[in-house]
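Given next are the chains, with one letter for each unit.
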Amino acid sequence: RGREGAPYSTLVPSDEVTINYRHGLPVITLTLPTRSERCRFTVKPMVTTVGAFLQDVRGEDKGIEKAEVFATDGSKVSDATLMEVLLMNDFKLVINHTAYSVSPPVKDKLSSEHATEMEDIKSLVHRLFVALHLEDHQIRKERELLQKLDHLKEELLPLEQMKARIMDSADAKTSRLLWVGLALMSTQGGALAWLTWWVYSWDIMEPVTYFITYGSAMAFYAYFVLTKQDYIYPDAKDRQFLRYFYRKSKNQHFNVERYNKLKEDLAEAEESLRRLRQPLHLRLPIQEINDKD
């Protein structure tokens, strides 16, 4: 019994299970317990997992009830482990109640020709995997992004309409405030002129205009103290617009934070789709690209 509780009654020498490299791929040869015949299994180390290899072994001999792989210290090897990792060290292959001691050939002892062939095969397998699966992955990802965009736009549509109404109302109030300010300044100038030329003299009105100018300077300074910004007309207009906008949004229960979050998600999805379509358009046929657009 192994350390992890794997029961086996017989430990078979390593020559019962042999591993040889042919054309750069490992070939595992073992004796099937029920059929009592030697069987070869060619594995792709960079693609095949331990679980897939054991499934192939059970598929060749229906009399195999259990097949597992253990490390030399008795710990069980996960089915998700790649065969390339497994073949780096010795291991035990347990079939039913028989344990086979397996010693893979050391890669350093392989001939340079075989090593070169193995690297070429690995490179070829990688390129084939990318060629066969990359476009499918990109097309599937593109469809997911398009569905996400449609969902975000559907959620944003009522918010955009409400935002447009609130912006129109805030813009109208801001414009009215600007016109009121112009009217007040015009009234003030007319009143000062009337008092200067028709009621009093300039000697009397000069101190009045001085204090009005000084009071205006104090008002601008107070604006700076409160807002930490200079009193620049476009900035003041935008500040007043935002004040009206947020007040109106609160009254109409417009969730500004949710709207901003949806806009950020929409921009992120559009950017992801743009980056995805750059290599995608280089690979897809012209008619398929036109159909998608």
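All residue numbers refer to position in the chain's written sequence, counted from 1. Under the rules for a predicted model, residues below a pLDDT of 70 receive no local features and side-chain atom pairs below 80 are neither given nor counted, while totals for whole chains, interfaces and linings still include all residues. Note that water and hydrogens are dropped before the side-chain values are worked out from all heavy atoms of the structure.

- Looking at an unreviewed UniProt entry, one finds the protein named Calcium uniporter protein, with Thalassarche chlororhynchos as its source organism.
- UniProt positions are given in the numbering used here, feature names are shortened, and annotations may be inferred rather than shown by experiment. The UniProt entry for the protein carries the following comment under Function (unreviewed entry): "Mitochondrial inner membrane calcium uniporter that mediates calcium uptake into mitochondria. Mitochondrial calcium homeostasis plays key roles in cellular physiology and regulates cell bioenergetics, cytoplasmic calcium signals and activation of cell death pathways."
- UniProt, in the comment section headed Sequence similarities (unreviewed entry), describes the protein in these words: "Belongs to the MCU (TC 1.A.77) family."

### Details of the overall build of the protein
- Across its full length, the protein carries 7 helices and 7 strands.
- Buried, partly exposed and exposed residues are distinguished by accessible area as a fraction of the type maximum, computed with a 1.4 Å probe on protein chains only: under 20%, between the cut-offs, and over 50%, respectively. Taken across its 293 residues, the protein has 29% of its residues classed as buried.
- Carbon and sulfur atoms make up 56% of the accessible area of the protein, which totals about 19,800 Å². Labels follow the DSSP assignment, with helices taken as runs of H or I lasting at least four residues and strands as runs of E lasting at least two, numbered in each case from the N terminus. What sets the accessible areas is the Shrake-Rupley method with a 1.4 Å probe; for residues, cover comes only from the shown protein chains.

### Regarding a nonpolar patch on the surface
- The patch calculation keeps residues exceeding 30% relative accessible area without a salt bridge and links them within 9 Å when they carry like charges or within 5 Å when they are nonpolar (Val, Leu, Ile, Met, Phe, Trp, Tyr). Only one rule defines a salt bridge in this text: a Lys or Arg side-chain nitrogen within 4 Å of an Asp or Glu carboxyl oxygen. A contiguous nonpolar patch, built from W194, W197, W198, V199, Y200 and I204 and spanning about 780 Å² of accessible area, is present on the exposed surface.
- Ranked by residues supplied to the nonpolar patch, first place goes to helix α3 (residues 112-199) with 4 residues.

### Describing the pairing of strand β6 (residues 91-95)
- Taken across its 5 residues, β6 has 5 buried, putting it largely inside the fold.
- Alternating positions in β6 separate into two faces, F91, L93 and I95 on one and K92 and V94 on the other, with burial throughout.
- Strands qualify as paired when DSSP identifies two bridges or more between them. Looking at chain direction, β6 and strand β7 (residues 98-102) are connected through 5 bridges and run antiparallel. Pairing of V94 across the sheet is with A99, part of β7.
- Between the end of β6 and the start of β7, which pair antiparallel, lie 2 residues, with N96 showing a positive phi angle near 55°.

### Section: the side chain of N96
- Along the polypeptide, N96 turns up in the loop between β6 and β7.
- We define a polar contact as two N or O atoms separated by no more than 3.5 Å, with the added condition that, inside protein, one atom must be a possible hydrogen donor and the other a possible acceptor, whereas residues neighbouring each other in sequence contribute only through side-chain atom pairs. Here E65 takes part through its backbone nitrogen, which lies 2.8 Å from a polar atom of the side chain of N96.

### Considering the environment of E60
- With respect to the helices and strands, E60 occurs in helix α1 (residues 50-60).
- Among all residues touching E60, those that are not within four sequence positions of it are L32, R35, C39 and F41. Contact definition: two residues touch when any of their heavy atoms are within 4.5 Å.

### Digging into unusual backbone geometry
- Although it is not a glycine, H253 sits at a positive phi angle of roughly 60°.
- Looking at the secondary structure, you find H253 in the loop between α5 (233-251) and α6 (256-283).
- The class of H253 is exposed, set by a relative accessible area of 71%.

### Quick notes on α1
- Taken together, the buried positions of α1 are V50, G51, F53, L54 and V57. Relative to the axis of α1, the buried residues are bounded by an arc of 160° and lie together on one face.
- In this structure, the buried residues of α1 make contact with β3 (25-31), β4 (38-42), β5 (67-71), α2 (83-86) and β6. Directions are taken from the helix axis to each C-beta atom, and the arc is the one they span.

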